[in-house]
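# Coordinates in review
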Amino acid sequence: MSTPPVTTAAATAASREAFYQRLDARSMAPLWTRLKSLVPKDPTPVGVPCLWRYDEVRPYIMESAEHISAREAERRVLILENPALRGSSQATGTLYAGLQLIMPGEIAPAHRHTQSALRFVIEGSGAYTAVDGEKTLMAPGDFVITPGWTWHHHGNEGSGPMVWLDGLDIPMVAHYNATFREDHHAEAAEIARPTGDALARYGSGLLPVGYRAPSLNSPIFNYPYARTREALHALTRAGDPDPHLGHLMRYVNPVDGGWAMPTMAPTIRLLPKGFQGLPFRSTDGMIFVCVEGEGAVEVGGQQMAFAPRDVFVVPGWTSYRLRAGVDTVLFSFSDRVAQEKLGLYREERSPG
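Let me sum up the structure you'll find in this document. Keep in mind that what you see is a predicted model, and the values were worked out from it rather than measured.

### Details of the pattern of salt bridges
Taken as a whole and assessed by the stated rule, the structure comprises 20 salt bridges. In this structure, Arg58 engages Glu123 in a salt bridge whose closest nitrogen and oxygen atoms are separated by 2.6 Å. Here the residue Arg58 occupies a position in helix 3 (residues 54-67), and Glu123 occupies one in strand 5 (residues 117-123), the gap between them amounting to 65 residues. Given the relative accessible area of 28%, Arg58 is considered partly exposed. Of the charged contacts in the structure, one is a salt bridge between Arg193 and Glu134, with a shortest N-O distance of 3.5 Å. Linking Arg193 in the loop between strand 11 (181-183) and helix 6 (197-202) with Glu134 in strand 7 (residues 134-137), this pair joins segments that are 59 residues apart in sequence. Residue class for Arg193 comes out partly exposed when judged on its relative accessible area of 31%. Classification of Glu134 by relative accessible area gives buried; the value is 2%. Among the ionic contacts, a cluster of salt bridges with common partners joins Glu134, Arg193, Asp197 and Arg201.

Quick look at the structure:
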């Protein structure tokens, strides 16, 4: 009876490597060498925590108007790029963010694209955005939706600069290779409905009989901050805040009660004076704006103090806790709605 040859570890490794090279020539690879990296035990955060102090970046935003007009730039925006994702134009793994400037008398020309967009107004008055045939005036704290593939343009009929935060699902749409865009034949798209029509039709707990939603977006495309603020402060009279998240509310689609947008999940929260949040993490990377008040976020082992109009990022599956010295309002958006639809969203609440 013959004895099988003794195989050394070095010989085994060499044999396997030769096999892998033959696989590579056929555009194949062994899963067992990649399994743990392809399907890790926990998510690996994409990007790093970061904060843009508005008082520090505002001079650059204003200087941009000296270098290029809104017409020439099409969208005069300074991208907020995560330091760990340089060159990608990404704030998180799936989302884009930037600060857009419109000066008095300017128009940012009409176009449309498959990406959905949101605007959260930071500074100024007198500017407007026109979406799918309706014009809406914008004020600080307003949340405005531009659904994918709708004609839209922006303008400023006021006397001072107007700045808002743009949020788009550009990286998400690019992942599916579903990016399309089209320029309008005119600088400004046609206005077919009176200002405030959408809010009047859909924003008062009423819907026109027979209404059929044309998309998964809310038919309300401007959620005024005056209404939002009133609702937030009413919550403080009804009970204590969530110990991890504060008084947190989501912008809702009145047609089905779901999220206001199909790919981005916009929320707003009130942190009452003295709030000391417990640690929390979730799979969605989040982009925050401080609307009013001041506080701090402890995230990924670092402390970041924030003040009104500051923007900061919390990467997905990174523990964070929020604190507020005075009543503080934070707007935020993430890809949570998309994750929920795919059954992927998870969160973890720590007792402290």
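### Digging into unusual backbone geometry
Backbone geometry at Ser27 places phi at a positive 55 degrees, although glycine is not the residue there. When you line up the elements, Ser27 lands in the loop between helix 1 (9-24) and helix 2 (35-38). When its relative accessible area of 72% is taken as the criterion, Ser27 is described as exposed. At Ser89, a position not held by glycine, the phi torsion is positive, near 60 degrees. One can find Ser89 in the loop between strand 2 (77-79) and strand 3 (96-102). Overall, the relative accessible area of 28% leaves Ser89 in the partly exposed class.

What counts and what doesn't
Residues numbered from 1 in each chain as written. Predicted model: local features only at pLDDT ≥ 70, side-chain atom pairs only at ≥ 80, totals over all residues. Heavy atoms only, no water. Salt bridge = Lys/Arg side-chain N within 4 Å of Asp/Glu carboxyl O. Helix = DSSP H or I, 4+ residues; strand = E, 2+ residues; numbered from the N terminus. Buried < 20%, exposed > 50% of the residue type's maximum accessible area, 1.4 Å probe, protein only.

Don't take any of this as a statement about function, it's just geometry.
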